[in-house]
Amino acid sequence: MTAETAAPVFAALGDATRLSLLSQLCDGQTRSISQLTHGTGLSRQGVRKHLTVLEHARVVKSERVGRESQFTVRPDTLTEVRQYLDRASQQWDDAIERLRLMVEK
């Protein structure tokens, strides 16, 4: 994953409602919009809009089951984002170590 492909994921996750929806899906179970709407104070349409953003960022996927769409998390995307963050973290650690060595000379 590159910065260009990671940016839409971070943008999608930069909203508290979307993070909350993702948290509900992180147990690996599929849920309908009705199930995800329960207790949020949002309309089904509002939740659907947030899920669409997450779906476009490849964080969740949906499957039509009867009259409803069932949503589930895409662990492959979350794994890629985590690996991206691990690489960025290592780059910062390396830069700080170089700075520390330079300052200590």
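Below is a summary of the structure that appears in this document. (Residues numbered from 1 in each chain as written. Predicted model: local features only at pLDDT ≥ 70, side-chain atom pairs only at ≥ 80, totals over all residues. Heavy atoms only, no water.)

Before going further, it helps to spend a moment on the packing of helix 1 (residues 3-13) against helix 5 (residues 75-104). Two numbers describe how helix 1 lies on helix 5: the axes approach to 11 Å, and their chain directions differ by 115 degrees. Two packed elements cross with a definite hand, and for helix 1 against helix 5 that hand is left-handed. On the side of helix 1, the interface is formed by A3, A6, V9 and F10, while helix 5 contributes T77, V81, Y84 and L85. (Axes fitted to C-alpha atoms, helices over the stretch in contact; angles between N-to-C directions. Helix = DSSP H or I, 4+ residues; strand = E, 2+ residues; numbered from the N terminus. Left-handed = near helix turned anticlockwise from the far one by under 90°. Contact = heavy atoms within 4.5 Å.)

Note that strand 2 (residues 60-65) and strand 3 (residues 68-73) share six bridges and pair antiparallel. Residue E63 lies in a different strand from strand 3, and its bridge partner there is Q70. (Pairing = 2+ DSSP bridges.)

This part is about the nonpolar core. L36, L51, L54, V59, V60 and F71 are the most contacted members of the largest nonpolar core, which has 17 residues in total. Going through the elements one at a time, helix 1, helix 2 (16-25), helix 3 (33-37), helix 4 (44-56) and strand 3 are the ones with two or more residues in this core. Residues in contact with L36, not counting those within four places in the same chain, are L21, Q24, L25, R31, V47, L51 and F71. (Core = buried A, V, L, I, M, F, W, Y, C linked by side-chain atoms within 4.5 Å. Buried < 20%, exposed > 50% of the residue type's maximum accessible area, 1.4 Å probe, protein only.)

Our focus in this paragraph is the environment of V47. Checked against the element boundaries, V47 lands in helix 4. Since its relative accessible area comes to 0%, V47 is described here as buried. When the C-alpha atoms of V47 and S89 are compared, they prove to be 33 Å apart, with 42 residues separating the residues in sequence.

Okay, the environment of V103 next. Position of V103 relative to the elements: it lies in helix 5. In this structure, the C-alpha to C-alpha distance between V103 and S23, residues 80 residues apart in sequence, is 43 Å.

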